[in-house]
Amino acid sequence: IWLSIYGGALVLLAPDGRVLQRFSAEHTLGGEAEAYIDLRFAPDGAPWYSDGRDLRRWDGRGFRSVPLPEGGYVYALDFASRETLWVTRFGTLERYRFDGRGLQLLERIAGEEGLPVVETRSVRVGPGGQVWLNSVRGLIQYDPQARRA
């Protein structure tokens, strides 16, 4: 069981509640943050999160950096499949392919596709493939088939 603590810490618990491992805010985000870490689980069950600049994934021993191309602050991520994930930045939604080692940018969605220039706090991929974003202006849906938000 993974537990996200306000300020950026994470705790890994055994099913019986014993603490198996603690990760300080310095370890997860490089310092204390006024936020919770928004964990997302890959199809293989490994937890991932954004540290603001890059993604971090659990490899069984610790969280390893998965670098992203330069850009704005990385708010959230979610998986569409074992190899595909979506990432949100300010005013953009990005789709990546993960090959087990690194990420390859497949597409970037922005204003031209109807995506408002706003901060997003979470992203979820629905069962039909639609991408849902929770923004400061409300809920946004992006339809990859129509390529429109």
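Above this text sits the structure in question.
Residues numbered from 1 in each chain as written. Predicted model: local features only at pLDDT ≥ 70, side-chain atom pairs only at ≥ 80, totals over all residues. Heavy atoms only, no water.

Student: Help me understand the overall build of the protein in this model?
Tutor: When its secondary structure is counted, the protein shows 1 helix and 14 strands. The dimensions of the protein, computed from C-alpha atoms along their principal axes, are 50 × 30 × 30 Å. Taking all 149 residues of the protein together, the buried fraction comes to 44%. Considering only contacts within the protein whose residues lie at least 6 apart along the sequence, 34% involve residues at least 24 apart. Looking at the protein as shown, the accessible area adds up to about 8,200 Å², and 48% of this sits on carbon and sulfur atoms. If you average the places of the 19 positive and of the 19 negative side-chain charges in the protein, the two averages end up 3 Å apart. (Helix = DSSP H or I, 4+ residues; strand = E, 2+ residues; numbered from the N terminus. Buried < 20%, exposed > 50% of the residue type's maximum accessible area, 1.4 Å probe, protein only. Contact = heavy atoms within 4.5 Å. Areas by Shrake-Rupley, 256 points an atom, 1.4 Å probe, with all protein chains shown as cover. Lys, Arg positive; Asp, Glu negative; His and termini not counted. Charge placed at Lys NZ, Arg CZ, Asp CG, Glu CD.)

Student: What is the right way to read the side chain of Asp51 from this model?
Tutor: Counting through the fold element by element, Asp51 comes out in the loop between β5 (47–50) and β6 (55–58). A distance of 2.7 Å separates a polar atom in the side chain of Asp51 from the backbone nitrogen of Asp54. Within the structure, Asp51 has its side chain in polar contact with the side chain of Arg56 (distance 2.9 Å). Among all residues touching Asp51, those that are not within four sequence positions of it are Thr28, Leu29 and Arg56. (Polar contact = N/O pair within 3.5 Å; in protein donor to acceptor, adjacent residues only side chain to side chain.)

Student: Would you explain the sheet that holds strand β4 (residues 40–41) in this entry?
Tutor: Strand pairs in the sheet, formed through backbone hydrogen bonds, run parallel or antiparallel to each other. Spatially, the 4 strands line up as an open sheet ordered β4-β5-β6-β7, and their pairing is antiparallel. Both outer strands of the open sheet, β4 and β7 (63–66), are each paired with one neighbouring strand and no more. With 4 bridges joining them, β6 and β7 adopt antiparallel strand pairing. Paired with Trp58 across the two strands is Phe63, which belongs to β7. (Pairing = 2+ DSSP bridges.)

Student: Quick question: what am I supposed to make of the nonpolar core here?
Tutor: Looking at soluble globular proteins, one finds that nonpolar side chains tend to be buried together. In this structure, Trp48, Leu55, Leu68, Leu77, Leu85, Val87 and Leu103 are the most contacted members of the largest nonpolar core, which totals 14 residues. For this core, the elements supplying multiple residues, two or more each, are β8 (74–79), β9 (84–89) and β10 (92–98). Ranked by the residues each element gives to this core, the list is headed by β8, at 3 residues. Setting aside residues up to four positions removed in sequence, Val87 forms contacts with Leu55, Leu68, Val74, Ala76, Leu77, Thr92, Leu93, Glu94 and Tyr96. Counting 13 residues, the second largest nonpolar core, distinct from the first, contains Ala76, Trp86, Val125 and Val131. (Core = buried A, V, L, I, M, F, W, Y, C linked by side-chain atoms within 4.5 Å.)

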